[in-house]
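Overview (structure and organization)
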Amino acid sequence: MTDVLEVTLRSVSVLAAFLVLPLLVGQAEHKVMAHMQGRLGPMYAGGFHGWAQLVADGVKFVQKEDITPAAADRRVFRFAPAVALVPYLVAMAVIPLSPDLVAADAPASALFVLATTAVGILGTLMAGWASANKYSLLGAMRSAAQLLSYELPLVLAVASVCLAAGSLSLGGIAQAWSPWWLIWQLPGALVFLVAAVAELQRPPFDMPVADAEIVFGAYTEYTGLRFAFFLLAEYAGIVVMSLLFAVLYLGGWQGPFSDQLGWLWTLLKGLVIAVVIIWLRVAWPRLREDQLQHLAWIVLVPLALAQLALTGVWVVVSA
Amino acid sequence: MTTLDIAFAGVGLVAAASGLLAVTTRHVVHAALWLVVCLGSVAGCYLVLGAELVALVQLLVYVGAVVVLVLFALMLTRAPIGPNPEVTTSRAHRALAAVLGAGVTALLLSVLLPVAGPARKRPGTSNTAVAEQVFGTWVWPFEALSLLLLVALVAAFAISRMTRAAEVAQSALPEMTAPERISQ
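Conventions adopted
Residues numbered from 1 in each chain as written. Chains lettered and ligands numbered in written order. Predicted model: local features only at pLDDT ≥ 70, side-chain atom pairs only at ≥ 80, totals over all residues. Heavy atoms only, no water. Helix = DSSP H or I, 4+ residues; strand = E, 2+ residues; numbered from the N terminus. Contact = heavy atoms within 4.5 Å. Areas by Shrake-Rupley, 256 points an atom, 1.4 Å probe, with all protein chains shown as cover. Phe/Tyr/Trp six-rings, centres within 6.5 Å; stacked < 30°, edge-to-face > 60°. Buried < 20%, exposed > 50% of the residue type's maximum accessible area, 1.4 Å probe, protein only. Lys NZ or Arg CZ within 6 Å of the ring centre and 35° of its normal. UniProt positions renumbered as here; feature names shortened; annotations may be inferred.

As a further point, take the overall build of chain B. Scanning chain B for helices and strands turns up 7 helices and 0 strands. Taken from the N to the C terminus, the helices and strands of chain B come in the order α-α-α-α-α-α-α. Put simply, 63% of the contacts in chain B that link residues at least 6 apart link residues at least 24 apart. Only carbon and sulfur atoms are counted for the fraction: they give 75% of the accessible area of chain B, which is about 12,900 Å².

Structure (structure tokens):
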């Protein structure tokens, strides 16, 4: 009976984190972007500095009409948002906040996160194809091309960290981390950050949704709650990738008073990375499609391979 | 019957059903999507049997990359919404495929059924053990396979370059893009 209770409690905590953290990142984006651009951002909803803006947005999305285009492939169209959203929920379950604070301690959790987030792209492809709209299809094809190219440097960068730690488990990697990694794994960290932003299709890698050219890519035909699910998937993706970066490259819970405040360190480091990802959106113009592919294959893949070789040599020499 | 038995039967059933749907549906993209379900539930089978690493690699490589590539290629060329009569095969072909499938199933059953005894144990294969096998005992076959894939990749690239050069020389007619074809 206690087992059932524990599993329920863990699942509910993951669900709560999944619903709260993306909203926090979204609100941070509203405010950080606004202040970087000399604006105030939302100020009215909820009273204090517009803290309830995203709650109000959510209420608005729920009230909107849920439209399926007449020419669309009905079942695939309606199912696509779930396929985009659920992988990030599952991935969040294995990311440790501290050695004890993890919902599901899988032995190969680093690989698990990569495998589940790779499934999310299917949601975008399904949405783009099933919408029966040429902008949607173009957007879906752009995101497929982009995500396939950036998956490789992402996996290679994570492989390098796993090699350095001698473990496939996120907990084991954070445990093995030392400040020396900040220099040793720096190229891999940069590759990971760039590839993660590209995987999330965030600016400057937002070619697939480029609203000025192809309206909103695969999400053009979506309204109401289903559209909100795609947005939620994007922000949940930021949370997953930021926490993953914090655990892989910044030592997760390592820091002063890590015995008591370890979870806070992980969250803080993740938040810093999330703000960097938001900052990139404000600072950089959108990359063109050919520039995107160039960056992935000419810069990131060789860099990730070099990092992997460097890690391998060092691990063998120092062993 | 343990919980694992029931879970294995469940994912096995889903894998078989989705596999059947993937080959019988008349919608090309639906076939690819059913293939996703099928490969995903095969990964589930591995997981239930205690091969965690194999299950995750199956998910990462097949669902995350191979099927996405298949879907991408379908959308790039021709993937109308609704049934596609062009890809439907003749009755003779279907009968032949069914016979062939049944034959393979019978062959596998004749090999596997004698092995299946009443005693079952699920040794949880550790990731280290898999790594030692792949990069120790089986390292040469593994490397030979990767070389074979690389050669196939380079050859495919060369062939595609050759035909494209020939096409360009043959005609300067503008090609239709995928969305135009779909709208027709």
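Text resumes after the structure shown.
A few words on the packing of aromatic side chains. Any pair of aromatic rings gets described here by the distance separating the centres and the angle formed by the planes. Residue and element names in this part refer to chain A. Tallying each qualifying case throughout the model produces 13 aromatic pairs over all chains. Summarising the aromatic geometry, the rings of Phe77 and Tyr222 are spaced 4.1 Å apart at their centres and angled 10 degrees between planes, so their arrangement reads as stacked. Here Phe77 is found in helix 3 (residues 74-92), whereas its partner Tyr222 is found in the loop between helix 9 (211-214) and helix 10 (224-249), with 145 residues between them in sequence. For Phe77, a relative accessible area of 0% gives the class buried. Both rings, one in Trp180 and one in Trp184, keep their centres 6.0 Å apart while their planes meet at 5 degrees; by these two values the pair is stacked. For Trp184, a relative accessible area of 7% translates into the label buried. Through a chain of ring-to-ring contacts, the aromatic side chains of Phe77, Tyr219, Tyr222 and Phe230 assemble into a single cluster. Above the face of the Trp177 ring, Lys269 is positioned so that its terminal group lies 5.8 Å from the ring centre.

Attention now goes to the environment of Val37(B). Residues and elements named next belong to chain B. Residue position: Val37 is located in helix 2 (residues 28-48). Look at Val37 and you get partly exposed, because its relative accessible area is 34%. Taking the C-alpha atoms as reference points, Val37 and Phe142, 105 residues apart in sequence, are found 27 Å from one another. Setting aside residues no more than four positions away along its own chain, Val37 makes contact with Val14 and Ser18.

Residue and element names in this part refer to chain B. In the numbering used here, UniProt assigns the "transmembrane region" (unreviewed entry) feature to residues 6-24, 31-49, 55-74, 95-117 and 137-159. Between the end C-alpha atoms of residues 6-24 the distance is 27 Å, and the span holds 100% helix and 0% strand. Helix makes up 96% of residues 137-159 and strand makes up 0%, while its end C-alpha atoms are separated by 35 Å.

Here we come to the side chain of Gln27(A). Along the polypeptide, Gln27(A) turns up in helix 1 (residues 2-36). Setting aside chain neighbours within four positions, we find Gln27(A) in contact with Pro42(A), His49(A), Gly50(A), Trp51(A), Gln53(A) and Leu54(A).

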